[in-house]
Amino acid sequence: MSRPIARLALLVGGAALVAACSGPADAAGPLVTEGALATPAQGGPALTYAPATAPEGAQVALEVVPGDGSTTATFRVTGMLPDRGYAVHAHVRPCGTAGNDAGPHFQNRVDPAATPQAPSSDPAYANPQNEVWLDLRTDGDGAGTATTTVPFAFPDRAPASVVVHEKEMTATAPGQAGTAGGRLACLTSTWR
């Protein structure tokens, strides 16, 4: 075998080995949505409804990693209020001009008793295994990260946004489960 053909064979063989070790060509990678909080009049994927607690210009980002029967989501913020907790949840509709436009929390198993006027507060449905909760606490510079892995994927339907709520933690008690106060900000996001 001549040297040029041997080199070509090594290159082709090496490429095949790298491809085999990399997994299938259609393997899902992370889905990232990010933006700077702006007022609804300014528009964009990231909106603030309360600039005093979710400041204009604060950076928000969501990374979603689909798995085999599970999903990992990471929410990152910079430029928010320092040393503060924020309750953060996935919601069913995209952000709009008002916080309520994002609709209720996304639930894998939907609470049959919930209505638009009375969202689910039953801990059998409003819990971090059936919803996507990304409660976080910022540091002294207003930066924070929260990650969760839920035991479900999004084959037929998926959330359309992540909403930052005014409470510092999501309530878990019966009749209050999943509640987190007013809607401060919203990021329209990709989940699949």
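Small disclaimer: the values here were computed from a predicted structure and weren't measured.

Here we look at the state of the cysteines
And then number 1: Throughout the structure, instances matching the rule amount to one disulfide.
And then number 2: Two residues, cysteine 95 and cysteine 186, share a disulfide whose sulfurs are 2.0 Å apart. The sign of the S-S torsion, about -85 degrees, decides the handedness of the disulfide formed by cysteine 95 and cysteine 186: left-handed. A residue pair is termed long-range when its members are at least 10 positions apart, and cysteine 95 in the loop between strand 5 (85-91) and strand 6 (136-137) and cysteine 186 in strand 9 (residues 183-188) qualify at 91 residues. Cysteine 186 shares its class with cysteine 95; the two are buried.

Let's talk about the sheet that holds strand 8 (residues 161-165)
And then number 1: Across the sheet, which stays open at both edges, the five strands sit in the order 2-9-8-5-6 with antiparallel pairing between neighbours. Of all the strands in the sheet, just strand 2 (46-48) and strand 6 have a single pairing partner and so form its edges.
And then number 2: Judged from the five bridges that link them, strand 8 and strand 9 form a sheet pairing that is antiparallel. Looking at the pairing, serine 161 lines up with threonine 188 of strand 9.

Details of the pattern of salt bridges
And then number 1: Taken as a whole and assessed by the stated rule, the structure comprises one salt bridge.
And then number 2: Glutamate 168 is the salt-bridge partner of arginine 137, the closest N and O atoms lying 3.0 Å from each other. One end of the pair, arginine 137, is in strand 6; the other, glutamate 168, is in the loop between strand 8 and strand 9, and 31 residues separate them in sequence.

Some details on the layout of surface pockets
And then number 1: Here the largest pocket is characterised by a volume of approximately 490 Å³.
And then number 2: As for the largest pocket, its lining consists of 23 residues, of which Pro104, His105, Thr115, Pro119 and Ser120 are closest to the centre.
And then number 3: Residues belonging to the lining of the largest pocket are distributed by class as follows: eight nonpolar, eleven polar and four charged.

What counts and how
- Residues numbered from 1 in each chain as written.
- Predicted model: local features only at pLDDT ≥ 70, side-chain atom pairs only at ≥ 80, totals over all residues.
- Heavy atoms only, no water.
- Disulfide = S-S within 2.5 Å.
- Helix = DSSP H or I, 4+ residues; strand = E, 2+ residues; numbered from the N terminus.
- Buried < 20%, exposed > 50% of the residue type's maximum accessible area, 1.4 Å probe, protein only.
- Pairing = 2+ DSSP bridges.
- Salt bridge = Lys/Arg side-chain N within 4 Å of Asp/Glu carboxyl O.
- 1 Å grid on protein atoms, 1.4 Å probe; cavity = no way out; pocket = protein on both sides within 12 Å on 5 of 7 lines; lining within 4 Å.
- Points joined across faces, edges and corners; volume = space filled by probe spheres on them.
- Nonpolar A, V, L, I, M, F, W, Y, C, P; charged D, E, K, R; others polar.

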